[in-house]
Structure formats: C-alpha cells, structure tokens
Amino acid sequence: MAMCSCFHSFIPSWRPISIVGVRRNHSILAISESSVKNASGVGEVELASARAKIGDSHIEKKGSVEIDAGDLGVLYEDGFGTMSVEDYFSAAKQIIKPDGGPPRWFCPVECGKPIKNAPLLLFLPGADGTGVGLILHHKSLGKAFEVRCMHVPINDRTPFEGLVSFVEHTVRFEQAMSPNKPIYLLGDSLGGCLALAVAARNPTIDLVLILVNPATSFGKSQVQPLIPVLEGLPSNLHNTVPYLLSFVMGDPVKMAMTSVPDDLAPPELLNELSNSLTSLLPYLSDLADIIPRETFLWKLKLLKSAAAYVNSRLHAVEADVLLLASGKDNLLPSGDEAERLCSSLKKCRIRYFKDNGHTLLLEDGINLLTIIKGTYTYRRSKRCDFVDDYLPPTMHEFKKIFEQEDRLFRVATSPVTLSTLKDGKIVRGLDGVPGEGPVLFVGYHMLMGLELGQLYEEFLRERKIALRGMAHPALFYNMRQNSRPEFSRFDYMNVFGALPVSPANIYRLLSRKAFVLLYPGGAREALHRKGEEYKLFWPDQPEFVRMAARFEATIVPFGVVGEDDVAELFIDYDDLMSNPFTKKWVEDFNKDAIRLRSDVGGELAQQEIYIPGLLPKVPGRFYYLFGRPTETRGMKDVLSNRDKANALYLQIKSEVERTMSYLRRKREEDPYRSIIPRIMYEGSWGFKKQAPTFDF
C-alpha cells in the first residue's frame, strides 16, 4: 500500500521548489497546473511539452553538454545512501498542503541531469498518492533515467479508471515524442495495479514495468476484514490507525537503518541504530496528517477497484515485467502473488526479498538502480544491449560487495597480485597491465570461478578498470529455477560487467577499447574433474587471436592458483552421472541450456552446467600473475595466415601454463601462505597492511 510519500503544491510553471525546514534540501520541478486541461473525474490531462519548457529550469542550467554513459566513470558516486526515511517524513510534514488540483507529474531536482538518451521513468506511488516514496533513490536513478513522479492531492477523488487515463495519456504522448525508447513504469503497491492496467490497454507501446509489491492481491489482504470497522471508527480515534499501520507496513529496523553508516563497528552500529529508531518514532504520528480519515477510506475503496480491474486484464499485458516481492509483507501476500503473476504474465521475472516489509523502497539495503542493472532490465532502445546499455559499477556497489560482503573471504585468502613489465620484470600490483584498451585478458578458470571476485576487486581498487567478463549464457538465462529467486551473486556479476560470451560481444567490446576477460577453457575448465586442477582445456582453434589482431588489442595472459588451498572437490561430474537420480537432475537442468562450441568434438563439446560437491579447507592463499603483455599492433598477417595465428595462440597458452607453474613453485616459499601467521601479521596492522609474500 506504501502509505509513505509526501504531497506538494504546484505553481504555474516549471521551476525548482525548495522545501524549507527539511533536514536536507529537497526540491522538485512541477508540471504547471495551467498545462493540465480538462481534468475531470476521469483524469484526462493535456501535458505541455516538458522538452519545450525545461530549458528554463534549474536542471538545464547545470550544463548544456549531454553526459554519455561512459562519462559516468568507473566507481562514480551515485548518491545512494545520502537520504533516509527521516528525510522523507521531514519533507512530507512540510508539503502536505492540499491545493484542490488534479493529478500531475513532478520531477525531483535532486535527480539531476541524466545521461544521454536516458529512458523515461514514471513513478506511480502507492495508496498515499504523494509521489515521494522514491526519495531514497532519486539521486541514483536520476543518473540513468529521466525521472517523473505522479502526485495525487489529498482531496482528489479521481477513480481508478481516471488515473489509468491520466497515465495512459502521458505514455502515449512520450511514445510519440521518442518512439525508439522504452518507457518505464515503476509501480509501488497501488501503482503496480496502475502500471499493469496501462500496459494491458497499450500492448503495442514499448513498456518496461517494475512492480513493487503490487496490490493485485488486495482481496486477500489482512486489511479487508477491518474495512467495516475502520469505516465506523470515530474521527477522534483515526489518528491511531496510520500509527498502528506503520508497524505493519514496513520493517522499522530496516527503515531506521537507512540513516546508519555501513562501515561502523558492531558497538557503534548498535548505538546509531538505537538513536535512529528513537528519532524515527515521533515522525510516525504525522501519517494521520498525510492520510486523513476520508482520504484513507477512499484509498481502501480505490485499492479494491484497482485489483478487480487489473486481474481481469492480465492476459493482455505484453510488456517486460520485473516484479519485486517482500517476504515480510504484513499487508499483502506479496510472495504468493508474485508467483501467481509470473505464471499469468508473458514476460515476467521475480526477485524476492525475504527479510523486507511492504515499504520495500523505503528500507535499508535496497538499491533500486543496482537491482535494475543486475537483472538486465535497463535498456535505452527496443532491445537490451549488453554493450551499449552497460552502466559502470558505482562506489556504493563496490563497497557493498567488496568491503562488506566479501571482506572476510578476502582476509581469509589475502590474494597476492603480481604482474610482468614489458622487460620481463615481475612486480607486485598491476603496474604491468596496460592502462588503455583494448586489452584482452586470457587465463585459467579456477574451480567454480573462485578467483573472479578478488580479480575484479583488484582492478577496480588499484586501477579503476571495469573488466567485461565473458560468461556462459546459462548464467543469464537458465539459472532461475527457483520460483522465488533472490537478488544474488549471479545478479551482482551482471552489475560488475559480465555478459554472455559470443564472438559478436567480444568484437563490439574490443572495438570500443574495453578491457575484456576471456576464459578459453570455459565451463569445462571451471567445472573440472578430480585431479584436473590447473589443467587447461583450451580448444585447438585460435578463437581469440584473430579477434585481438583485428583491433590491435593487447593480449595479457594470466594464471591463478589457490583453489586447492581453500576447497577439495569430492563430488564431480563423473560422480553425478554415475548415479541415476543425480544424472537425471543434471540432464533436466541442461535440457534447454544454450550449447557452446557444439561444432567442436571431444570434451569441450560437453560443457554441461552442474553444481559440484566441495569440502572447505582451512584457507591458504590466492596468487595471481599477469604475464608479459603481447601487443598485436602490426600483426595483421595473423588474420589471414593460419600458421602464424596458431603460433601466437600456442605462445599465449604456454605463457598461462608458465605463470601457474611459477606460482605453484614459489608459493612454497611464502612464509605467510598459512592463515595463522598471516592473520597474526595483518591483524597487528589492523588489517590495513597485507602480509608479504615470496621473493620475486
């Protein structure tokens, strides 16, 4: 239901509106009331052209140069985490002044100027109708989208069909203005019903729906039996209703955590959380002002009619749908409803957040832009383009994964990264790696890709280079067999630059001077059998050499060792296929999987995906060595001369094997290979200095 947003009065022009007295400055751009014509009960609205008027706005004055997606920069600051739920309540308290006007759109100034050719995102709020329930995400979404939020004034009584007409008119207008770009409808609770209704009525328009706990299941809500009681409740007791509902709708702890820094020690974290909860509680009483009694009862009826309207039209929805469902939604059975909608809609994906409440967009740990990127929902044209639609990882995403979630694994394995200069000298760090693309990294794929996380981290931390990793297509299209898939490591792999391996993708990345990560051994190497660690399973054909030479890319071979120091493989592919039950599971899992190298004979043709059995060990240490870079500038003859191409290919393969042989031999000389002396050394430095390693 998302009864957490705020109202605003609108003035007869596009200009920034500052809200005085709020803890942080907030301002929005409003579509003028004079541009809203014939706003009757059906909510038909004539919008003035935003593009014609925005030239005088505060946003346009920030700069006339359009920002390209590549100009955002690797690890750019997206602004996520700078706003909190307290900011929302503070803003709501200042702007809940009814103006009697019809529904309209506003553009949050804090969203800033989006990148070039950014798609339009229309936020459709929950039953509160205020439109500021997206406040935690304004800054981050504003980099990738042209954001507009829908506002329905307190005393407005436009029926659901009228709201549908209002949004539909805007969608058709924008589609006519930019026919080659998608339009995003972000619907929260009641807004989810609104988004589905508009999509059902406009199946030929390119829409992308992002539904957050949609209220299509309102008929099964726990609020339903209470409606007669609420209608008969005396006016003087209404103030208690929103206050009580606030504890049902969201998780108070997660809402309070939005204002608590992520990098605090446990005692400081507990103290800050306690203070945040204490300061948040007084704001809850303001909900009675945001949702007056008559408005509250009207919204309940609106929810009922919206659910009935949409459920009879789900079959007509042709849009792409990303459905975000909360596991602790105490207002709606959102988890069950997500499964039902996914089975009814033609193109629907789910991400399940088991520990969150109904007010998902106002709770800690939910970065909507990251979710959109991780599920490959972001696109700026008619189809998702893994190359052109790529947005670089942000500093917030880097800290969340590598400084919070992966920190213990990094401490446990303390990776040693070495690189080779052009003169053959080995140095610690990545100084031997080229700083300008195109660069093609080719190397050994450890068991289950254990090396990937720290490999990406090293390049981001030391060089601010985002690797574009080539991954098996099954990781993108065939890994979601759970009916309630959570936002997982597979999604974060997408966020940090992975894309399906294909000659076309490699071609386009190298043509854009990207840093490309390729494992010629593929799934067969990453899912090797017992006793096959550190063995390359490369094809006989020089698959990547000609591609690199075509764009004069630098090829950097590398090796990595350490998998045998962290885990032991005790159930492999042969073990699974020898058992009838597990054999059938593997076959069913791979039945519809995309087959790579189907034209290659032998073992490489059998790149089936499965989950091996691993036994963890007391962690040793990871070692990476990047060999001497091989420049292909001036090697055009490789394109036509097969013998020269094969010779270069075998040279690169031999260098990868040499680097691994070197690391396996030298790690025996590392006094800090074992975790106990290493932890003692690094702990004495507060884990701010890494333990030394062998001489090189």
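Now for a description of the structure that goes with this document. Given the structure is predicted, the values throughout are model-derived calculations rather than measurements.

1. Brief notes about helix α25 (residues 642–666)
And step 1. Between its terminal C-alpha atoms α25 stretches 36 Å, which fits the 36 Å expected from 25 residues at 1.5 Å a residue.
And step 2. Here α25 has its buried residues at A645, L648, Y649, I652, E655, V656, T659, M660, Y662, L663 and K666.

2. Observations concerning the nonpolar core
And step 1. The biggest cluster of nonpolar side chains holds 117 residues, and the ones touching the most others in it are F145, F441, F544 and F626.
And step 2. If one sorts the elements of this core by residue count, α25 sits on top with eight residues.
And step 3. Residues L190, A199, I205 and A307 belong to the second largest nonpolar core, which totals 54 residues.

3. Description of the packing of helix α15 (residues 395–405) against helix α17 (residues 452–463)
And step 1. At a minimum axis distance of 11 Å, the contact between α15 and α17 shows a crossing angle of 125 degrees. Relative to α17, the element α15 is oriented oblique. For the pair α15 and α17, the sense of crossing is left-handed. Residues F398, F402 and E403 of α15 pack against G453, Y456, E457, L460 and R461 of α17.
And step 2. Tallied by class, the residues present in the contact of α15 with α17 amount to four nonpolar, one polar and three charged.

4. With respect to unusual backbone geometry
And step 1. Omega for the peptide link from G437 to P438 comes to 5 degrees, which places this bond in the cis form.
And step 2. By the secondary structure assignment, P438 is in the loop between β11 (426–428) and β12 (439–443).
And step 3. Positive phi, normally seen in glycine, also occurs at K464, with a value near 55 degrees.
And step 4. Its location among the elements puts K464 in the loop between α17 and β13 (468–471).

5. A few points about the environment of L75
And step 1. Take L75: it is sitting in the loop between α2 (58–61) and α3 (85–95).
And step 2. Accessibility expressed as a relative area gives 7% for L75, which makes it buried.
And step 3. For L75 and L460, which are 385 residues apart along the polypeptide, the C-alpha to C-alpha distance reads 7.8 Å.
And step 4. Among residues more than four places away in sequence, those in contact with L75 are P393, T394, M395, F398, L460 and K464.

6. Some details on the pattern of salt bridges
Opposite charge on two side chains makes pairing possible when the charged atoms of those side chains draw close.
And step 1. In total, this model carries 39 salt bridges according to the counting rule given.
And step 2. Linking K373 and E397 is a salt bridge whose minimum nitrogen-to-oxygen distance equals 3.0 Å. Here K373 is found in helix α14 (residues 368–374), whereas its partner E397 is found in helix α15, with 24 residues between them in sequence.
And step 3. Exposure remark for K373: the relative accessible area of 7% places this residue in the buried category.

7. Focus: α15
And step 1. Those residues of α15 that fall on the buried side of the exposure criterion are M395, H396, E397, F398, I401 and F402.
And step 2. Of the surrounding elements, those touching the buried residues of α15 are α14, α16 (407–413), α17 and α19 (489–495).

8. Side note on the packing of helix α5 (residues 160–177) against helix α6 (residues 190–201)
And step 1. Running from N to C, α5 and α6 point in directions that differ by 60 degrees, and their axes come no closer than 9 Å. The angle between α5 and α6 places the two elements in the oblique class. Once α5 is placed against α6, the crossing between them reads as right-handed. Of the residues in α6, those touching α5 at F160, L163, V164, S165, V167, E168, V171 and R172 are L190, C193, L194, A197, V198 and R201.
And step 2. Residue composition of the contact of α5 with α6, grouped by class: ten nonpolar, one polar and three charged.

9. Looking at the environment of V545
And step 1. As for its position among the elements, V545 is in helix α22 (residues 545–550).
And step 2. Residue class for V545 comes out buried when judged on its relative accessible area of 0%.
And step 3. Put simply, V545 and T632 are 87 residues apart on the chain and 8.7 Å apart in space, counted from C-alpha to C-alpha.
And step 4. Not counting chain neighbours up to four residues away, the residues in contact with V545 comprise V638, A645, L648 and Y649.

10. Comments concerning the packing of aromatic side chains
And step 1. Enumeration over the complete set of coordinates arrives at 24 aromatic pairs.
And step 2. Judged by centre distance (4.8 Å) and plane angle (75 degrees), the ring pair of Y507 and F551 falls under edge-to-face. In this pair, Y507 sits in helix α20 (residues 503–511) while F551 sits in the loop between α22 and β16 (554–561), placing the two residues 44 residues apart along the sequence.
And step 3. Residue Y507 is classed as partly exposed on the basis of its relative accessible area of 35%.
And step 4. Grouping aromatic residues by their ring pairs yields a cluster made of F441, F459, Y519, F558 and F626.
And step 5. Positioned above the aromatic ring of Y390 is the side chain of R468, whose terminal nitrogen or guanidinium carbon lies 3.8 Å from the ring centre.
And step 6. Lying across the ring of F537, R524 places its NZ or CZ 4.1 Å from the centre.

About the criteria used
- Residues numbered from 1 in each chain as written.
- Predicted model: local features only at pLDDT ≥ 70, side-chain atom pairs only at ≥ 80, totals over all residues.
- Heavy atoms only, no water.
- Helix = DSSP H or I, 4+ residues; strand = E, 2+ residues; numbered from the N terminus.
- Expected span 1.5 Å × (residues − 1).
- Buried < 20%, exposed > 50% of the residue type's maximum accessible area, 1.4 Å probe, protein only.
- Core = buried A, V, L, I, M, F, W, Y, C linked by side-chain atoms within 4.5 Å.
- Axes fitted to C-alpha atoms, helices over the stretch in contact; angles between N-to-C directions.
- Parallel < 35°, antiparallel > 145°, perpendicular 65-115°, else oblique.
- Left-handed = near helix turned anticlockwise from the far one by under 90°.
- Contact = heavy atoms within 4.5 Å.
- Nonpolar A, V, L, I, M, F, W, Y, C, P; charged D, E, K, R; others polar.
- Salt bridge = Lys/Arg side-chain N within 4 Å of Asp/Glu carboxyl O.
- Phe/Tyr/Trp six-rings, centres within 6.5 Å; stacked < 30°, edge-to-face > 60°.
- Lys NZ or Arg CZ within 6 Å of the ring centre and 35° of its normal.

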